[in-house]
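Observations on the model geometry
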Amino acid sequence: MAVGTFDAWDAAVLVTILAVSALIGIYYRYTGGKQKTTQEYLMADQSMTTFPVSFSLMASFMSAITLMGVSKESYEFGTMFCVINIAYWVSTPIAAYIFLPVFYRMRVTSVYEYLERRFGQATRLSASLAFTIQMMLYMGIALYTPALALEAVTGIHRSTAIVVIGLVCTFYSTLGGLKAVLITDVFQSLLMFAAIYAVIFVSATKAGGFTAIWEVAVERGRVEFDDFSLDPTVRHTWWSLIIGGMVTYLSLYGVNQTQIQRLLSVRNLKSAQSALWWNLPILGLLSFSTIFSGLAIFYYYRDCDPLLEGRIKSRDQVMPLFAVDTMGECLYSIAPQVYLGRLMFVFLAGQYPGLCGLFVSGIFSASLSTISSAVTSLSAVTLEDYLKPLYQVIFRRTLIDSKSTLPTKIVALVFGLLCIGLAFGAGYLGGVLQASLTIFGVVGGPLLAIFTLGVCTTRTNQRGVLLGFLVSLIFSFWIAFGGPRPPMKTPLGFSTAGCGNATATALVAKALRLGAENNQGAGEPEPYFWLYRLSYMWPCVIGFLLAVSVGYGVSIVIAKFGWADNPQIYVDKYQRQLDYDLFAPVLARRWRRQEEQKVQSAQDETLTKLNQ
């Protein structure tokens, strides 16, 4: 296959992104406090405003995989996924007024410091280790995906692309600290929107307007908002999207180190809460735009589905194929299997000068923001949860702030280089890539449960919480990776009536149908285990509920038998006065009033006896 060529406009757009990102890192290295303290390097001196933090909250977990996946979701399954935005609105008050005040009062650098104060060091290290593995797996994938794009577009080998992009991201993250990451996130967020709107407007131009796109989507059954089924095996329903979406959102925006670190970089709690609220419309706009981009792509392929035509191996490739077909011209001159294997990111500019470069830049921006977020958060966790305690044990003294900046920068550099190494390995993992993404969701539910038990209960203890966390992780991984699993069904139809080579297309479509029938079996469908048939939105919910139930129940039992206690939640040695800073404000106020009423009642009773 003759790979696409980048013209001057495309190259200028891509180089500009890398150059601007690097320059931002240099700027923040030599301005302000010059990143001489970890307070500035990891927490931006708590001097950031709401605007950049709001954009960064959105960009941190909107990777290239997310942009491509949501677009494919609406193309293949329709618009039902947009209901998840309701979960975002319902969950934001919980994150802003239940979890965030607790972290802000403690002024923690690592959110897992809270777990040590609330439960103990073992809980802190367990949760921190789970987060570290989770983020390391994900950032390698986030870098590998756009490297494929650059290889196919420019002819540069993916190894070169991984090294260049990884080094640029590592450079500005290591040099400029959190301030540089936050500002580049704003810049990269705008490019992410530009990439999505490039797809939408190109399709709308060919359709003659947005109305035609919507009408075809309605006509072909792509518009759906009313699936209220109680069946948990249905892919997307109101219940799975809202409940599952709430757990996912809170695990990311309520207790995740990456997001809390950004929220604590603003001046005060009110500004942090405002940043969370302003993140909502930004996140919602990107969500609805990406979903509509899937409908726009469907309009273009409404009468000739490229999978049935045999042009792609998976509908995950439909968005980049659309860029190939509409933003330029492409030549195919090698065997079909090579074409299929290389099609995932093939872009070429011809009809719209520079537009292809803008699209690729948006894909890169989504990944750059994710990787830089991972590097800064992992640096903070490594310093606070591993290096400082280890230094205390070895040298019998505390590692002061002025001496911890250089080690933190070295750690950031190491994680950046490690990300590059993981990206190289990702190319050989095959199906494990999807498994890694599943891990990212599976770990979130149990982690959210630990923090929920911490801020909302007084009776849970370290032994009970750790047992619940472990049981939940094992069970969640079993649900996520156990098998055999039924093949994913596509309820919405696709057409090949408009394909040019009708005979060949019919043969390919027939082969795909026969393959699906062989997978499902010739006779009665295989009786798959019920848990393996659950929608992918439910494992995180099950993990959360299991960790809460086991953690709370076991804590009560072992406390009753005297096998565990909770002295750390009290401020006095008699264990009568709660440390209210460890708990959600709404609950802390209630418990404080109850305590004051008890004290007042005791005083009144004492006075009554004295007067008798």
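Small disclaimer: the values here were computed from a predicted structure and weren't measured.

**Here we look at unusual backbone geometry**
- Positive phi is not limited to glycine here, since Asp45 has a value of about 55°.
- Overall, the relative accessible area of 35% leaves Asp45 in the partly exposed class.
- A positive phi angle, close to 60°, is found at Arg396, a residue other than glycine.
- With respect to the helices, strands and loops of the structure, Arg396 is situated in the loop between α16 (355-395) and α17 (401-426).
- Accessibility expressed as a relative area gives 69% for Arg396, which makes it exposed.

**Some details on a nonpolar patch on the surface**
- Taken together, Val163, Leu167, Leu413, Leu417 and Phe424 make up a surface patch of nonpolar side chains, about 370 Å² in accessible area.
- Mapped onto the nonpolar patch, the elements with two or more residues apiece are α8 (158-207) and α17.
- Counting residues per element, the nonpolar patch draws most heavily on α17, which supplies 3 residues.
- Mapped onto the elements, Leu417 comes out in helix α17.
- Assessed through its relative accessible area of 41%, Leu417 is described here as partly exposed.

**Here we look at the environment of Leu191**
- In this structure, Leu191 sits in helix α8.
- Given a relative accessible area of 12%, Leu191 falls into the buried group.
- Separated by 174 residues in the primary sequence, Leu191 and Ser365 have C-alpha atoms spaced 6.5 Å apart.
- Apart from residues no more than four positions distant in its own chain, Leu191 is found in contact with Ile17, Leu358, Gly362 and Ser365.

**Structural notes on the state of the cysteines**
- This structure, assessed with the given rule, holds 1 disulfide.
- Here Cys304 connects covalently by a disulfide to Cys499, the sulfurs 2.0 Å from one another. Every disulfide takes its handedness from the sign of the S-S torsion; for Cys304 and Cys499 that torsion is 110°, giving right-handed. Linking Cys304 in the loop between α12 (269-300) and α13 (306-309) with Cys499 in the loop between α19 (462-481) and α20 (502-520), this pair joins segments that are 195 residues apart in sequence.
- Its relative accessible area of 7% is what places Cys499 among the buried residues.
- Of the cysteine sulfurs around Cys169, a residue in no disulfide, the closest is that of Cys419, at 6.9 Å.
- What makes Cys169 buried here is its relative accessible area of 1%.

**Digging into the packing of aromatic side chains**
- For the structure shown, the criterion picks out 27 aromatic pairs.
- Relative to Phe298, the ring of Tyr75 lies with its centre 5.7 Å away and its plane at 70°, an arrangement referred to as edge-to-face. Of this pair, Tyr75 sits in helix α4 (residues 64-77) while Phe298 sits in helix α12, placing them 223 residues apart in sequence.
- By relative accessible area, which is 2% here, Phe298 ends up buried.
- Ring geometry for Phe475 against Trp478: centres 5.3 Å apart, planes inclined by 70°, an arrangement best described as edge-to-face. Remark: Trp478 and Phe475 occur in helix α19; sequence separation between them is 3 residues, near one turn of the helix.
- The exposure class assigned to Phe475 is partly exposed, which follows from its relative accessible area of 26%.
- Its relative accessible area of 37% is what places Trp478 among the partly exposed residues.
- Site record: aromatic cluster; members linked through ring pairs are Phe103, Tyr112, Tyr114, Phe131 and Phe451.

Conventions used here
- Residues numbered from 1 in each chain as written.
- Predicted model: local features only at pLDDT ≥ 70, side-chain atom pairs only at ≥ 80, totals over all residues.
- Heavy atoms only, no water.
- Buried < 20%, exposed > 50% of the residue type's maximum accessible area, 1.4 Å probe, protein only.
- Helix = DSSP H or I, 4+ residues; strand = E, 2+ residues; numbered from the N terminus.
- Patch = residues over 30% accessible without salt bridge, like charges linked within 9 Å, V, L, I, M, F, W, Y side chains within 5 Å.
- Areas by Shrake-Rupley, 256 points an atom, 1.4 Å probe, with all protein chains shown as cover.
- Salt bridge = Lys/Arg side-chain N within 4 Å of Asp/Glu carboxyl O.
- Contact = heavy atoms within 4.5 Å.
- Disulfide = S-S within 2.5 Å.
- Phe/Tyr/Trp six-rings, centres within 6.5 Å; stacked < 30°, edge-to-face > 60°.

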